[in-house]
Structure formats: C-alpha cells, structure tokens
Amino acid sequence: MTVKKRILISIGWFVLIIALGIGGVFWIQSDTVINAERTQRAGNLGTGLGCLGGVGFAFLWLPFAYRVGKQKREARERAANADSGGGRKSRRSASSSGKSRKGKSRSRSRRRKK
C-alpha cells in the first residue's frame, strides 16, 4: 500500500469517526432527559471513539513505520559496515585526526575527583 493510499484511508477513517461522534451526540441528546446522564454518556462516547480512532490509525500506520524504520536501520548498518571494513584505511584516533575528545574525558575526570 502506498503512502498516498494510507493518507486517503486515514482521512476517510477520521471523517467516519467524526460522523459517528456527531451521530452519537445527536442520539444521546434525543434519547436522554437528565443532563447529568447526557454528560456521562457523551464522555463515554468520546473516550470510546478516541480509542477506536487511535487503534484504527495504529493498525494503518504502525506496519508502515516499522518497514521504513527497518529499511533505514539496514541502510545505516550497511553504511557503517562499508566504512569500517573497506580495504586498508588508516585507523587514526580522534586526537591524531584533529578532533578533540575534551568533552568526554573532562566529564570522566570530574566524576573521579568527586
């Protein structure tokens, strides 16, 4: 399923949840007489529709997010393997290549002094 289809389905799901909420509120208003009972039912309706909407969006988007994350992790791993295992490279330390490691060593020494 493409991203475009997922977006269209998400919009449809959102509209369906909103329509169910509006219909439920009209039904609650016409069915009950006591205002406290209306408030309680409307709260329950909102909670239920919120959970239903969240589960629907999760069902739609979490597999996609997992797949994209997996691809990115594999690409990052391939890049790291290509950098570390490729041929004869000099293994210079951070200090010999001009990069400073002051932040790390300084924080360690502070911990030791205390």
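For the structure, see preceding data.
Because the structure is a prediction, the values reported are computed rather than measured.

Asks: It is not clear to me how the overall build of the chain should be interpreted in this structure. Could you clarify?
Replies: When its secondary structure is counted, the chain shows three helices and zero strands. Secondary structure of the chain in N-to-C order comes out as α-α-α. Evaluated residue by residue, the chain yields a buried proportion of 11% over its 114 residues. Considering only residue pairs separated by 6 or more positions, the chain has 59% of its internal contacts joining residues 24 or more positions apart.

Asks: Would you take a moment to explain the side chain of Arg-6 for this structure?
Replies: Relative to the assigned elements, Arg-6 resides in helix 1 (residues 3-31). Buried and unpaired, Arg-6 has Glu-74 as its nearest opposite-charge partner, separated by 16 Å. Engagement of the side chain of Arg-6 in a polar contact is seen with the backbone oxygen of Leu-60, the distance being 2.4 Å. Excluding anything up to four places from it in sequence, Arg-6 contacts Met-1, Leu-60, Trp-61, Phe-64 and Arg-67.

Asks: I would appreciate a short explanation of a nonpolar patch on the surface in the present structure.
Replies: A grouping of Val-3, Ile-7, Leu-8, Ile-11, Phe-14, Val-15, Ile-18, Ile-22 and Phe-26 is seen on the molecular surface, where their side chains present a nonpolar patch of about 860 Å² in accessible area. Note on placement: Ile-11 falls in helix 1. For Ile-11, a relative accessible area of 48% corresponds to the partly exposed category.

Asks: What's the story with the packing of aromatic side chains in this structure? I'm lost.
Replies: By convention here, two paired aromatic rings are described through the distance between centres and the angle between planes. Under the counting rule described, the total for this entry stands at one aromatic pair. Relative to Phe-64, the ring of Trp-61 has its centre 5.6 Å away and its plane inclined at 80°; by these criteria the two rings are edge-to-face. Here Trp-61 pairs with Phe-64, and both are found in helix 2 (residues 35-85), just three residues apart, close to one helical turn.

Asks: Would you explain the side chain of Ser-10 in this entry?
Replies: Tracing the backbone shows Ser-10 in helix 1. Ser-10 sits in the buried class, given a relative accessible area of 11%. If near-sequence neighbours (up to four positions away) are discounted, Ser-10 is found in contact with Phe-57, Leu-60 and Trp-61.

Asks: So what exactly am I meant to see when it comes to the pattern of salt bridges here?
Replies: Side chains that carry opposite charge are capable of pairing whenever their charged atoms lie near each other. A full pass over the atoms with the stated rule returns two salt bridges. A salt bridge links Asp-31 to Arg-41, with the nearest nitrogen and oxygen atoms 3.0 Å apart. Taken together, the residues span a long stretch of sequence, with Asp-31 in helix 1 and Arg-41 in helix 2 at a distance of 10 residues. Asp-31 gets classed as partly exposed once you look at its relative accessible area, which sits at 42%. For the salt bridge of Glu-37 with Arg-41, the shortest nitrogen-to-oxygen distance reads 3.2 Å. Within this pair, Glu-37 and its partner Arg-41 are both found in helix 2, separated by four residues, close to a single helical turn. Assessed through its relative accessible area of 31%, Glu-37 is described here as partly exposed.

Reading guide: rules and limits
Residues numbered from 1 in each chain as written. Predicted model: local features only at pLDDT ≥ 70, side-chain atom pairs only at ≥ 80, totals over all residues. Heavy atoms only, no water. Helix = DSSP H or I, 4+ residues; strand = E, 2+ residues; numbered from the N terminus. Buried < 20%, exposed > 50% of the residue type's maximum accessible area, 1.4 Å probe, protein only. Contact = heavy atoms within 4.5 Å. Lys, Arg positive; Asp, Glu negative; His and termini not counted. Salt bridge = Lys/Arg side-chain N within 4 Å of Asp/Glu carboxyl O. Polar contact = N/O pair within 3.5 Å; in protein donor to acceptor, adjacent residues only side chain to side chain. Patch = residues over 30% accessible without salt bridge, like charges linked within 9 Å, V, L, I, M, F, W, Y side chains within 5 Å. Areas by Shrake-Rupley, 256 points an atom, 1.4 Å probe, with all protein chains shown as cover. Phe/Tyr/Trp six-rings, centres within 6.5 Å; stacked < 30°, edge-to-face > 60°.

So far we have only geometry, and geometry alone does not tell us how the molecule works.
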